[in-house]
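Chain residues, written in single-letter form:
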Amino acid sequence: MAAVTLSALSWIPAANAERFHVVDFGAKGNGVTDDGPAIRNAIAAAVKAAPGAKVVFEPKRYRLKRTETAYHIDLQGVKGLTLEGNGAELINNPWNSLVRLDRCEDVTVRGFVLDCDPLPFTQGTITGVDTAAGSFTLQIHEGYDNPVAVYREIDKNSPRWGWGVCIDPKERRRKPTAAMHFHLQDVEEQPDGGLRVMLADRARRHASGLSQGDRFVFALKYGPTDANIKVIRSRHCRLENITFYTAKYGMTFGLFDNHGKITVRNAKITFKPGSKHLITTPKDGFHCKHNAVGPTIQGGMFEGLLDDTINISVCPYWVREDLGDNRYMIADLAFLPRVGDRLMAYRPKPGTVTHGLIVKAIEPHETPSSMSGRWAVVTLNKPIPDLGLHEGSNLFPGGPRKLQFTGLYNLDAAGNHFVVRGNTFGPQRRHAILARASGGLIENNTITGVGGNGVRLGNEIGSFYEGPLPRNTVIRNNTFTNTYFDAIHIYTNGIDATAQEMTIKSNRITGWHTNPIDPRSAAAISLRNVVGAVIKDNEIGPSAAPEAVSVPIRLDNCKDVRMTDPDR
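Residues numbered from 1 in each chain as written. Predicted model: local features only at pLDDT ≥ 70, side-chain atom pairs only at ≥ 80, totals over all residues. Heavy atoms only, no water.

For the chain, the count of helices and strands is two helices and 47 strands. Radius of gyration (C-alpha) of the chain: 24 Å, near the 24 Å computed for a compact globule of 568 residues. Along the first, second and third principal axes, the C-alpha atoms of the chain reach 65 × 65 × 50 Å. Across the 568 residues of the chain, 57% fall into the buried class. Within the chain, contacts between residues separated by at least 24 positions form 74% of all contacts whose residues are at least 6 apart in sequence. Total accessible area computed for the chain in this model is approximately 21,900 Å², and 48% of it derives from carbon and sulfur atoms. (Helix = DSSP H or I, 4+ residues; strand = E, 2+ residues; numbered from the N terminus. Rg over C-alpha atoms; globule rule 2.2 N^0.38 Å. Buried < 20%, exposed > 50% of the residue type's maximum accessible area, 1.4 Å probe, protein only. Contact = heavy atoms within 4.5 Å. Areas by Shrake-Rupley, 256 points an atom, 1.4 Å probe, with all protein chains shown as cover.)

Laid out in structure tokens, this is it:
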């Protein structure tokens, strides 16, 4: 049975809350039977009784086999519904995503353990390295799939291999003396049953960081790459007590274009007990784009991810054409602004930043043939100076050529007023918290052994294009230990681009900057292009970086910084 789309049009309001037990609709919970159809039937009945209805699972193992549509559970326009897992384990396949809440309100998804079978990644031991050729041989570990055989079976004759990571098997974090990741060109089977992995041209020079006996892992991409749990165009929804052991290739949680607060409590992305997995999920933990209000993420525990745990930002609307009278043709991969939204225009070269742009009108426009994304004509309250028109068809992720183009960053859809509180971040490949928004609060978190920064606030240009510029954010009462890069890094890219009004207080930082292959100066707290900051009452212990390049606090091109911590 294909996934059922559940629409608000089918609501039949109930006088009292009703419970719909999936077992009553035929769910077995034996870990073998495809329980997807029974679960969807239970949810369809509950939607008719909403608001106030609850779908109840027993603490069993429910297998979800491949369906014809993207999501097993696809709630559209639903109000007042709870999915109560009670510790139920959902065993997904690597083709389908799990849950989508689209235009929903007051929906709660709670109490699930989520796993994937077969696994969405493979791992093995490096048996030899050819630095001149930029390749290595790999013996796949027992219980993990041969990627060539997987792609042959699913009829991917020319797979895009993406990138992989060299992982320390004891600490289950990336090897510190190897590159952060390795772009792969091709993978070939060898007569002895092993694999030959060829690095892409730009990554071949990094082969010297690999050694015989190292462990290596990379993702397997079966189907669409949508988020495993996605909340979009919704408000006042809650994700609680959800544990991921692993997830199909795609963001673990995707929060997009939401109009009201989305709250995540007590989530876990962690290693399955007893497993020998080198990673947990193959992409970001929380990818948060174009939200009017930032999420609240609290009480969680996250480790083993192949990418950032939390990413809060917007991508630019590219300006394609100046139509006169303050009217501009814009294009974005997925989102458009709303009337009244405040925009910031930014052209990285020569560095022009323009504030005070307000959307007065918007006219949807048909996407031109051979192009992608969403297009529209916007009318602004004033002209955009020093305009650099976007050319070409690539709207995302970017490239250095786009430094000449003007992007419009939506200040009212940047995830402002996000809260990241009381979480534990363990070893993983990259940054724990990456945000570009305003009014954020980062407090009472413990961040240990991450392969990048603990907190990284700043815009990004030249590869990905994410913004806008961080402002009015408080970072307090956090503990940072053994981060590969600076524990707290706040910066901007661009001549006239500045971060403003940052408060960093009562944090405990030790063992910062453990990355031995980065010779640049290291700091526990690093600020660049920041105007207005308070750095107060932080406890900064010894660095893991060499003393010659190490300072507790580094300030570059900053103004009005009030500091009571050790001299920089």
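Picking up after the structure, the text goes on.
This part is about the pairing of strand β44 (residues 530-536). In the sheet, strand β41 (residues 499-505) pairs with β44 via six bridges, with the strands oriented parallel. Within β44, the residue paired with A499 across the bridge is V530. Relative to strand β47 (residues 559-563), β44 is paired through four bridges, and the arrangement is parallel. Within β47, the position partnered with V534 by the bridge is R562. (Pairing = 2+ DSSP bridges.)

A complete count under the given rule lists five cavities of 30 Å³ or more for this structure. Looking at the largest cavity, its volume works out to about 60 Å³. Forming the walls of the largest cavity are I73, L83, L90, L98, V99, V109, F112, L114, I229 and I242. At the level of secondary structure, the elements contributing two or more residues to the lining of the largest cavity comprise β7 (79-92), β8 (97-102) and β9 (105-116). Among the elements that line the lining of the largest cavity, the one with the most residues is β9, at three residues. Among the residues forming the lining of the largest cavity, the class breakdown is 10 nonpolar, no polar and no charged. (1 Å grid on protein atoms, 1.4 Å probe; cavity = no way out; pocket = protein on both sides within 12 Å on 5 of 7 lines; lining within 4 Å. Points joined across faces, edges and corners; volume = space filled by probe spheres on them. Nonpolar A, V, L, I, M, F, W, Y, C, P; charged D, E, K, R; others polar.)

Once that is clear, we can look at the pattern of salt bridges. The full count for this structure, using the stated rule, is 33 salt bridges. Across the salt bridge formed by R238 and D106, the nearest N and O atoms sit 2.4 Å from each other. Remark: D106 occurs in strand β9 and R238 occurs in strand β18 (residues 237-244); sequence separation between them is 132 residues. When its relative accessible area of 37% is taken as the criterion, D106 is described as partly exposed. One salt-bridge network, in which partners are shared between bridges, spans K54, E84, R110, E240 and R265. (Salt bridge = Lys/Arg side-chain N within 4 Å of Asp/Glu carboxyl O.)

Looking at the second largest pocket, its volume works out to about 210 Å³. Lining the second largest pocket we find 14 residues, and of these R342, L411, N416, S438 and R471 sit closest to its centre. Among the secondary structure elements, those contributing two or more residues to the lining of the second largest pocket are β28 (342-347) and β38 (471-476). Among the residues making up the lining of the second largest pocket, the classes are represented as six nonpolar, five polar and three charged.

Let us now look at the nonpolar core. The biggest cluster of nonpolar side chains holds 82 residues, and the ones touching the most others in it are L75, L81 and I490. For this core, the element with the most residues is helix α1 (residues 36-49), which contributes seven residues. Counting residues in each nonpolar core, the second largest holds 34 residues, with V150, Y151, I154 and I167 among its members. (Core = buried A, V, L, I, M, F, W, Y, C linked by side-chain atoms within 4.5 Å.)

Along the polypeptide, D341 turns up in the loop between β27 (327-332) and β28. Summary of buried charges: D341 has no salt-bridge partner, and the nearest side chain of opposite charge, R338, is 4.6 Å away. Engagement of the side chain of D341 in a polar contact is seen with the backbone nitrogen of R338, the distance being 2.8 Å. Here the side chain of D341 touches N410 through a polar contact of 2.9 Å, side chain to side chain. With residues up to four places along the chain from it excluded, the contact list for D341 reads L357, I358, V359, N410 and D412. (Lys, Arg positive; Asp, Glu negative; His and termini not counted. Polar contact = N/O pair within 3.5 Å; in protein donor to acceptor, adjacent residues only side chain to side chain.)

Here the focus is the packing of aromatic side chains. Across all of its chains, the model carries 17 aromatic pairs by this definition. Their ring planes at 5° and their centres at 4.6 Å tell us that F253 and F286 sit as a pair that is stacked. You can see F253 sitting in strand β19 (residues 253-256) and its partner F286 sitting in strand β22 (residues 286-289), a full 33 residues away along the chain. When sorted by exposure, F253 lands in the same class as F286, which is buried. Site record: aromatic cluster; members linked through ring pairs are F136, Y151, W161, F182, F216 and F218. Over the face of the ring belonging to W95 we find R66, whose NZ or CZ atom lies 3.6 Å from the ring centre. Its guanidinium or amino end placed over the ring of F271, R172 lies 3.7 Å from that ring's centre, counting from NZ or CZ. (Phe/Tyr/Trp six-rings, centres within 6.5 Å; stacked < 30°, edge-to-face > 60°. Lys NZ or Arg CZ within 6 Å of the ring centre and 35° of its normal.)

Attention now goes to α1. The terminal C-alpha atoms of α1, which comprises 14 residues, lie 20 Å apart, in line with the 20 Å expected from a rise of 1.5 Å per residue. Summarising burial for α1: 10 of the 14 residues are buried, a large majority. If you check which residues of α1 are buried, you get G36, P37, A38, I39, R40, A42, I43, A46, V47 and A49. (Expected span 1.5 Å × (residues − 1).)

Our focus in this paragraph is the sheet that holds strand β30 (residues 374-380). Ordered in space as β26-β27-β30-β29-β28-β31, the six strands form a closed barrel in which the pairing is antiparallel. When strand polarity is set aside, the average angle formed by the axes of neighbouring strands in this sheet is 45°. Pairing between strand β29 (residues 352-365) and β30: six bridges, direction antiparallel. In the sheet register, V359 faces β30, and the bridge partner there is L380. (Axes fitted to C-alpha atoms, helices over the stretch in contact; angles between N-to-C directions.)

Moving on: unusual backbone geometry. With an omega of 5°, the peptide bond between A50 and P51 qualifies as cis. Counting through the fold element by element, P51 comes out in the loop between α1 and β4 (53-56). Going from D117 to P118, the amide bond is cis rather than trans, its omega being 0°. Residue placement: P118 occurs in the loop between β9 and β10 (121-130). In this model, N482 sits at a positive phi of 55°, which is unusual for a non-glycine residue.

Relative to the assigned elements, G541 resides in the loop between β45 (539-540) and β46 (550-556). Under the relative-accessibility criterion, G541 is labelled partly exposed at 24%. Remark: the alpha-carbon pair of G541 and H277, spanning 264 residues in sequence, is separated by 33 Å. Setting aside residues no more than four positions away along its own chain, G541 makes contact with I509, T510 and W512.

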